[in-house]
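# Breakdown of the fold
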Amino acid sequence: MSKMMYCGGVDVGGTKISAALFTAQGWMSGRRRVSIDKGSPEKPVRQISDLIRGLEDLARRKGGVLRAVGICIPGVVFARSGRVWAPNIPGWGHFPLRDRLAVKTKTTLLLDNDRSAYVLGEQWCGAARGKKDVVFLAAGTGIGAGILSGGRLVSGSRGIAGAVGWFALDPRFREEYAAMGCFEAEASGGAIGRKAREFLHAGEISLIRDTVKGKIDRVTAETVVGAAREGDPLALYILESAVIYLGMGIANIVSILNPEMIILGGGLFQAGELLLRPVRKEFERWAQPLAAKKVRIVLSALGEDAGLCGAAKLAWDNVDL
């Protein structure tokens, strides 16, 4: 009797690392999550290898075998060398992650960026099942896009495709654009929190200040969204500004790629309909009209599991059954 085959997914984020076991049909089991240790470049490597060993043990306990593990990281993966660039993890600038992990496990490892994993996950188990031309727009601390065109991931010549946070959407160049890009500086979750803090430090009166009990440095995009739901004028103004940029950014993606679907995910879009409806309306002003009429703009069906599912799909796509 042949053994049951499994693949694993590992989602390396800026604050946590998640791992789980997956069947070929997308059934998940044994999910674990740890806070990422940024004490040195090697500490996250040890955490990832420990999680992989846990997946190997779980597959054996289930009477099966772990065939491969997909790993997604928040940055750029250089496919040929296995090096990664992840600015939120200290020391991971052109870091040889694949080589470091290869000495700790014999399991086949596949690496890609989190943007690609998000769109793969949604195509496999989420909102984009059966679709071949899809873009996942992730808006959290930053902004990035995972792109499927004709059913294939679009990575670019150096794995940087999808860095839409660098879209130039405002001709009035500002200093912060040089560090993160215009789109990200104006419409990411990080930007919304930053703008709120700037207004509050300048003396603006807002429910946001009361929510954090005057501790302005604790204000995040989530704080702003909560205040907007209560009708706070400053919170609504900040979100309305972000909606304009989100509409333009999505319109550019649709006009360039003509996808069937845009999936909105990441921490910012946990705001749900509060952002979804105005973003759809703003997008229609800017996009190529024929493409705009055919595209569906939806919220992520998988939420924080999108990267984990996509990483496992990356592994399954590279396994000979």
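Residues numbered from 1 in each chain as written. Predicted model: local features only at pLDDT ≥ 70, side-chain atom pairs only at ≥ 80, totals over all residues. Heavy atoms only, no water.

Let us look at the overall build of the protein. Across its full length, the protein holds 12 helices and 12 strands. Computed over C-alpha atoms, the radius of gyration of the protein comes to 20 Å, within 12% of the 20 Å expected from 2.2 N^0.38 for 321 residues, which places it in the range of a compact globule. Across its three principal axes, the protein shows a C-alpha extent of roughly 65 × 45 × 35 Å. Expressed as a percentage of its 321 residues, the buried residues of the protein come to 53%. Taken as a whole, the protein presents about 15500 Å² of accessible surface, with 50% of it coming from carbon and sulfur. Taken as two groups, the 43 positive and 32 negative side-chain charges of the protein have centres that lie 6 Å from each other. (Helix = DSSP H or I, 4+ residues; strand = E, 2+ residues; numbered from the N terminus. Rg over C-alpha atoms; globule rule 2.2 N^0.38 Å. Buried < 20%, exposed > 50% of the residue type's maximum accessible area, 1.4 Å probe, protein only. Areas by Shrake-Rupley, 256 points an atom, 1.4 Å probe, with all protein chains shown as cover. Lys, Arg positive; Asp, Glu negative; His and termini not counted. Charge placed at Lys NZ, Arg CZ, Asp CG, Glu CD.)

Before going further, it helps to spend a moment on the side chain of D232. Note on placement: D232 falls in the loop between α8 (221–229) and α9 (233–257). Here D232 is buried and forms no salt bridge, its nearest opposite-charge partner R209 lying at an N-O distance of 9.6 Å. A distance of 2.8 Å separates the side chain of D232 from the backbone nitrogen of L207, its partner in a polar contact. Not counting residues up to four positions away in its chain, the partners in contact with D232 are S206, L207, I208 and A227. (Salt bridge = Lys/Arg side-chain N within 4 Å of Asp/Glu carboxyl O. Polar contact = N/O pair within 3.5 Å; in protein donor to acceptor, adjacent residues only side chain to side chain. Contact = heavy atoms within 4.5 Å.)

Running from N to C, α8 and α9 point in directions that differ by 115 degrees, and their axes come no closer than 8 Å. You can see that α8 and α9 cross each other, and the crossing is left-handed. On the side of α8, the interface is formed by V224, V225, A227 and A228, while α9 contributes A235, L236, I238 and L239. For the contact of α8 with α9, the class distribution of residues is 8 nonpolar, no polar and no charged. (Axes fitted to C-alpha atoms, helices over the stretch in contact; angles between N-to-C directions. Left-handed = near helix turned anticlockwise from the far one by under 90°. Nonpolar A, V, L, I, M, F, W, Y, C, P; charged D, E, K, R; others polar.)

Our focus in this paragraph is the packing of aromatic side chains. Per the counting criterion, the structure on display carries 6 aromatic pairs. When the ring of W92 is compared with that of F95, the centres are 5.3 Å apart and the planes differ by 10 degrees; the resulting orientation is stacked. Residue classification places W92 among the buried positions, given a relative accessible area of 1%. Ring centres of F167 and F183 lie 6.1 Å apart, and the angle between their planes is 10 degrees; on these two criteria the pair is classed as stacked. With F167 in the loop between β10 (152–153) and α4 (177–180) and F183 in helix α5 (residues 182–187), this residue pair connects regions lying 16 residues apart in the sequence. (Phe/Tyr/Trp six-rings, centres within 6.5 Å; stacked < 30°, edge-to-face > 60°.)

Here 5 strands make up an open sheet; going across it, the order is β10-β9-β8-β11-β12 and the pairing mixed. In this open sheet, the two edge strands, each paired with only one partner strand, are β10 and β12 (296–299). Note: strand β8 (residues 134–139) against strand β9 (residues 143–149), 6 bridges, orientation antiparallel. The residue bridging A139 from the neighbouring strand is I143, located in β9. The strands that helix α3 (residues 114–125) touches are β8, β9, β10 and β11 (261–265); relative to β9, the one it contacts most, it runs at about 50 degrees. (Pairing = 2+ DSSP bridges.)

This part is about the environment of E304. If you trace the backbone, E304 turns up in the loop between β12 and α12 (306–316). Residue classification places E304 among the exposed positions, given a relative accessible area of 55%. A C-alpha to C-alpha distance of 22 Å links E304 and I160, two positions 144 residues apart in sequence. For E304, the residues in contact, after removing those within four places along its chain, are D11 and R33. In this structure the side chain of E304 is engaged in a polar contact, spanning 2.9 Å, whose partner is the side chain of R33.

Moving on, we come to the state of the cysteines. Within this structure, the stated rule accounts for 0 disulfides. Free cysteine C72: the closest other cysteine sulfur is in C309, separated by 10 Å. Of the cysteine sulfurs around C125, a residue in no disulfide, the closest is that of C309, at 4.6 Å. (Disulfide = S-S within 2.5 Å.)

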